[in-house]
Amino acid sequence: YGDHRDLHSFPTRRSSDLKSKDMPYNINSTINKDPKSNLGFAWFTNVGITGGKVEIVQGLTSDSTAFATPYFSFDAKCDSVLNLNYCDSLSSLAVLAGIPDNTKKSYMRNKVLAIGLNPNTTYSYRVGKPGGWSQIGTFTTAKDSKDPFSFIYSTDNEGGSDADFDYSQKAAHVAQSMYPDASFWLNCGTLVESSGSHNSEWEYEQFFQTQQDIFLKKPWAPVTGNHDVSTNRNFTHHFNTDSIAFDYANSTVPGSFYSFVYGDALFMAMSFENYNSRGYLDSISNWMRRQVVANPATKWRIAFFHKAFYTGAAHQADVDSKVIRDSIAPVFDELKIDLVLQGHDRVYEVIGPIYNKQLVTSAVSNDISVTSNEWTNVTGKSGGIFNVEKGTLYFLNGKIGNREYTPTSQLGMEAIEASLGLTNYFEMFTGRFGQIQHPSFSDITVSTDTINIKTYAVNSSNVATLYDNIKVVKFTDIGTGQPFNKIHDSITIYPVPVKDYAYINMQNTVEAKVEVYSSKGNIVLTEVINGSTRVDLKNLAKDVYILKVMSGINNYVFKIVKE
């Protein structure tokens, strides 16, 4: 019995290429509920192959004898998946050698939720059954703390041909080699090309096969994109997320709604693909509210999904974008969502922070002005530190696949902003905005103090170059300073709370400019200070203010209360 996968690449098979019919494939692990103690697993086997399980041992091993007495063993839930479209030329970009168009194939879907794992522990695992075990994989559970962690973020693989899958897998392997210790891989959808009733299961097989070594080393946090929505629900079959978390019964994308806490961050995965179904967007809003209420102790709130509803390329004028934005953006404001990771529009863009469809003033610092370019850097900006205390930062890091869109010019945005229900739209693009022209990925490090996002472009020689580096901060402690790029003990402000005067003491500084902003974001006072001095606040009403100190290239922001 030969392995029926990838025949388009190997029309003539040698005996050494053949595998046991019992072998598992399309193996992956996903974050499912609490990542400190749980992990979801999923894989396919050939039709009729049941009795699979996950075996887990502590530590790193490549020796199969270590599983003689596994630390954990979980039986898989095996379900028949019948008559999936294997290939369909109406949607796929390739014709498979030796396999007729519209071929149907059946499978066994295997899923396991491993529970009772220990926090901050490295495990090795294998899936399958005697006579058909997979290669050995590994994972590390989350720490039972708010220590810093990192993850890889990518989007829009959109594989529909051998060339597509080769393109994205090379960039993915570069990311894995650069950041082998990243805690998980977050993907914002459109894994494959085919969709709807003309989906092609072989695309998923190629997606997994070309990156199977990565899937065996790193858990995933995926969501569906528009190309992943199919009548056969391939996405749902292949990933084992917390699919019961969302209460909308008519969703066509089960498995795309789930939340988890990692370190000091609450992540919320979602999909807008059924946006026009009655009650769907309201269900999303209520689900998000429940997640926030259930997790009050996390500093950061991160949402991720495919359909970008603030964006500056091909999809910015889409009707569904406006409908989703009008419904969901106010909920982001209400719940104080800090960071949104998106997909779909395949350009690099840093937007905001946004509140009430308006740019939050004085929330960006330390950005660098460079020569603008209508293709690679429309705004002429790079870097920057973004304070999300009063708004949400919307971020899209391009795409890891090989299809790209053209960024819109300032004039182009001004021409359509009225129809979008937005004003000063181009000004919302506060960071770098342009077409990367290569597959890209981001390394995102989350600590209690900052979220640092480094985005890389991977060229045809598989060399990664830093494309942009931004930081996200949130100043919430009244009376204490959080400098943008210096430790806060280099500047102090007292007393706490302030009264008629705020006393500012700076180390190694000759001169600095001070700006005070009202709670509405308006500048109410400007002064120049030297060394240790005081700022006169007698004419200001009792309220909460933002005090910004600018000294050379350093910027410091304080939230102060005047009594």
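Shown above is the structure to which this text applies.
Residues numbered from 1 in each chain as written. Predicted model: local features only at pLDDT ≥ 70, side-chain atom pairs only at ≥ 80, totals over all residues. Heavy atoms only, no water.

**So, helix α6 (residues 319–335)**
Okay, so step 1: Over its 17 residues, α6 runs 25 Å from end to end, which matches the ideal 24 Å to within 8%, given 1.5 Å per residue.
Okay, so step 2: Arg-325 marks the point of greatest bend in α6, at about 35°.
Okay, so step 3: Every buried residue of α6 is accounted for by Asp-320, Ser-321, Ile-324, Arg-325, Ile-328, Ala-329, Val-331, Phe-332, Asp-333 and Leu-335.
Okay, so step 4: Where α6 is buried, its residues contact α5 (280–294), β15 (300–307), β16 (339–343), β17 (348–355), β21 (392–397) and α7 (410–420).
Okay, so step 5: Positioned one or two residues after α6, Lys-336 has a phi angle of 55°, which is positive. (Helix = DSSP H or I, 4+ residues; strand = E, 2+ residues; numbered from the N terminus. Expected span 1.5 Å × (residues − 1). Bend = angle between axes of the 7 residues up to and from the residue. Buried < 20%, exposed > 50% of the residue type's maximum accessible area, 1.4 Å probe, protein only. Contact = heavy atoms within 4.5 Å.)

**Let's talk about the side chain of Arg-109**
Okay, so step 1: Residue position: Arg-109 is located in strand β6 (residues 104–114).
Okay, so step 2: In terms of polar contacts, Arg-109 uses its side chain to reach the side chain of His-237, at 3.0 Å.
Okay, so step 3: Other than its neighbours up to four places away in sequence, Arg-109 contacts Trp-43, Phe-44, Lys-77, Cys-78, Asp-79, Val-81 and His-237. (Polar contact = N/O pair within 3.5 Å; in protein donor to acceptor, adjacent residues only side chain to side chain.)

**Regarding the packing of aromatic side chains**
Okay, so step 1: Following the criterion strictly, the structure yields 49 aromatic pairs and no others.
Okay, so step 2: For the pair Phe-309 and Phe-332, a centre-to-centre distance of 5.7 Å together with 40° between the ring planes defines the contact as tilted. Highlighted residues: Phe-309 in the loop between β15 and α6 and Phe-332 in helix α6, separated in sequence by 23 residues. The exposure classification of Phe-309 matches that of Phe-332, with both residues buried.
Okay, so step 3: These aromatic residues form a ring-pair network of at least three members: Phe-149, Phe-151, Phe-184, Tyr-258, Phe-260, Tyr-262, Phe-267 and Phe-304.
Okay, so step 4: Taking NZ or CZ as reference, Arg-126 lies 4.0 Å from the ring centre of Trp-133, over its face.
Okay, so step 5: Lying across the ring of Tyr-310, Arg-325 places its NZ or CZ 5.6 Å from the centre. (Phe/Tyr/Trp six-rings, centres within 6.5 Å; stacked < 30°, edge-to-face > 60°. Lys NZ or Arg CZ within 6 Å of the ring centre and 35° of its normal.)

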